[in-house]
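# Structure at a glance
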Amino acid sequence: MMRAHSINLQQPHQRPAAARRPAAGRRARVPVPAPAAADSAGGLSYKAAGVDIDAGDELVRRIQKLNPSIGGFSGLVPFGDSYLVAGTDGVGTKLKLAFDMNKHDTVGIDLVAMSVNDIVTSGAQPLFFLDYYATGALDVDAAEQVIKGIVEGCRQSGCQLLGGETAEMPGFYQKGEYDLAGFAVGAVKQDRVITGKTIVAGDVVLATASSGVHSNGFSLVRKVLEVSGTSLHDPAPWANGRSFGLELLEPTIIYVKRVIALHEAVNLKGVVHITGGGMTENIPRVIPKGLGVNIDTKAWTLPPLFQWIQDQGRIADAEMRRTFNCGVGLVAVVGKADVEKALQADPELFVLGEVVEGSGVTYI
């Protein structure tokens, strides 16, 4: 139902086929059969836990052949002297934890964050947001909590929740479960759009911390919980009695206001939202061909939650860096001359590495 409000008891309105894809250039969450959760070395992996990043990448490549204009973290269309910038996403299997914890007031923040953090990588201020809430049988109390989170996410990002669609589809979802998707539109002046095209060797990569796992990698997280025999209600050793469930449900940070303010203070050459694919796959999406990035692994400390996930799952470093944000939620690229000014404008930033000739991401 469009929130406005009439309940659709059958199915939501069909959207155009071209829209049924990951957010522009985003990595897809593609479940695959997984008879085991271990990689060839005996540690857990995202693919063995049920998500094949390579399959998602292949789908994106095929979509780009059909529509070559797709790319980056969001889609842009000229509108007067500005660009309208749009992005769409969901929350993924983090919702399973919300069901198990019977806690629904934070996943709405995650939903907004996943879209607005994508569109702000272009320098766009989010203008409005729409949500899609689908369930087998409507639990009004749970739905209200979800939407409260969406309202809070919109408040944090400075955009308006215009409405949404509530689809009640008996027999399609398990009792007590629902799915979420969201869609954000923002705007940026054409002479202020962040494209990554001006990045050169010698530029500096700045980063800011995440609040936890955010909304990617939860299929692997749930597998780690399973094999370690850990309950969501068990206290996390590093969290002063706070449970694993609450630690894992910590909502995604919304970086919009910080990025907009930073872009006003300095010339941001590139901005990267660290989502599925981690730093390994997301950073190269804004770096021109012929260039790569060296990341200083001593620039930050792997947070205790990620250390626990890695230790309990015996997950290789490369797999961790390709699956999780590992404590880095957003990356920005600036010229050397702008580094000090950027750090003064946003003291939570730290120097993560530098742009070099080459390709890909190298951890040193």
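This text gives an overview of the structure that appears in the document.

Analysis parameters
- Residues numbered from 1 in each chain as written.
- Predicted model: local features only at pLDDT ≥ 70, side-chain atom pairs only at ≥ 80, totals over all residues.
- Heavy atoms only, no water.
- Pairing = 2+ DSSP bridges.
- Helix = DSSP H or I, 4+ residues; strand = E, 2+ residues; numbered from the N terminus.
- Core = buried A, V, L, I, M, F, W, Y, C linked by side-chain atoms within 4.5 Å.
- Buried < 20%, exposed > 50% of the residue type's maximum accessible area, 1.4 Å probe, protein only.
- Domains from an automatic or database assignment.
- Contact = heavy atoms within 4.5 Å.
- Axes fitted to C-alpha atoms, helices over the stretch in contact; angles between N-to-C directions.
- Parallel < 35°, antiparallel > 145°, perpendicular 65-115°, else oblique.
- Left-handed = near helix turned anticlockwise from the far one by under 90°.
- Nonpolar A, V, L, I, M, F, W, Y, C, P; charged D, E, K, R; others polar.
- Expected span 1.5 Å × (residues − 1).
- Salt bridge = Lys/Arg side-chain N within 4 Å of Asp/Glu carboxyl O.

A few words now on the pairing of strand E10 (residues 350-357). Bridging between strand E6 (residues 204-209) and E10 involves four bridges; their strand directions are antiparallel. Note on E10: the bridge partner recorded for Val204 is Glu354. As paired strands, strand E8 (residues 291-295) and E10 are joined by five bridges and run antiparallel to one another. Considered in E10, the bridge of Leu291 is made with Glu357.

What follows is about the nonpolar core. Counting residues in hydrophobic clusters, the biggest one holds 67 residues, and the most contacted among them are Tyr178, Leu180, Val213, Leu248, Leu268, Ile309 and Phe324. Ranked by the residues each element gives to this core, the list is headed by helix H3 (residues 107-119), at seven residues. Taken domain by domain, this core gets at least three of its residues from each of domain 1 (72-193) and domain 2 (203-363). Discounting residues that sit within four places of it in the chain, Val213 has contacts with Phe218, Val221, Leu248, Leu305, Phe306, Ile309, Phe324 and Asn325.

What follows covers the sheet that holds E6. One open sheet holds the six strands; their spatial order is E7-E9-E6-E10-E8-E11, and the pairing between them is mixed. Two strands bound the open sheet, and with one partner strand each, they are strand E7 (270-273) and strand E11 (360-363). Averaged over all adjacent pairs, the angle separating strand axes in this sheet is 25 degrees, with direction ignored.

Despite not being glycine, Asn102 has its phi angle at roughly 50 degrees, a positive value. The class of Asn102 is exposed, set by a relative accessible area of 60%. Notably, Arg314 is not glycine yet its phi reads approximately 50 degrees, a positive angle. For Arg314, the location among the structural elements is in the loop between helix H9 (304-313) and helix H10 (317-323). Overall, Arg314 belongs to the exposed group, its relative accessible area being 59%.

Attention shifts here to the environment of Ile295. Structurally, Ile295 can be placed in strand E8. When the C-alpha positions of Ile295 and Gly353 are compared, they lie 4.4 Å apart, and in sequence the two are 58 residues distant.

It is at 9 Å that the axes of helix H5 (residues 218-228) and H9 come closest, and there the two elements cross at 55 degrees. Relative to H9, H5 is oriented oblique. The hand of the H5/H9 crossing is left-handed. Of the residues in H9, those touching H5 at Val221, Val224, Leu225, Val227 and Ser228 are Trp308, Ile309, Gln312 and Gly313. Partitioning the contact of H5 with H9 into residue classes produces six nonpolar, three polar and no charged.

Residue placement: Thr135 occurs in strand E3 (residues 125-135). Overall, Thr135 belongs to the buried group, its relative accessible area being 4%. Not counting the four nearest positions on each side in its chain, Thr135 is found in contact with Ala167, Glu168, Met169, Tyr173, Glu177 and Tyr178.

In the contact formed by H3 and helix H4 (residues 140-157), the axes pass within 6 Å of each other and the chain directions differ by 40 degrees. With respect to each other, H3 and H4 are oriented oblique. In this structure, H3 meets H4 at a crossing whose hand is right-handed. In this structure, H3 uses Val107, Gly108, Ile109, Leu111, Val112 and Val116 to contact H4, whose residues at the interface are Val146, Gly149, Ile150, Glu152, Gly153, Cys154, Gln156 and Ser157. Residue classes in the contact of H3 with H4 are distributed as eight nonpolar, five polar and one charged.

Spatially, E1-E2-E5-E3-E4 is the arrangement adopted by the five strands of the open sheet, whose pairing is mixed. In the strand order of this sheet, the two ends are held by strand E1 (75-79) and strand E4 (160-168), each with one partner. Averaged over all pairs of adjacent strands, the angle between strand axes in this sheet comes to 15 degrees, irrespective of strand direction. Sheet topology note: the strand E2 (residues 82-90)/strand E5 (residues 178-189) ladder contains nine bridges and is antiparallel.

Inspection of the secondary structure assignment puts Ser115 in helix H3. Ignoring sequence-local partners within four residues, the contact set of Ser115 consists of Gly87, Thr88, Asp89, Phe129, Gly182, Phe183 and Ala184.

What follows deals with H3. Helix length check: H3, at 13 residues, gives a terminal C-alpha distance of 19 Å against a target of 18 Å (1.5 Å per residue), a fit within 8%. Of all 13 residues in H3, 13 are buried; the element is thus mostly enclosed.

Attention now goes to the pattern of salt bridges. Should their charged atoms come close, side chains of opposite charge can pair. In total, this model carries twelve salt bridges according to the counting rule given. A salt bridge links Lys269 to Asp203; the shortest N-O distance between them is 3.0 Å. Placement of the pair is Lys269 in the loop between helix H7 (256-265) and E7 and Asp203 in the loop between E5 and E6, with a sequence separation of 66 residues. One exposure class covers both Lys269 and Asp203, and it is buried. Here Arg242 ties to Glu250 by a salt bridge, and the two come within 3.0 Å at their closest N and O atoms. Overall, the relative accessible area of 26% leaves Glu250 in the partly exposed class.

In short, geometric facts, not functional conclusions.
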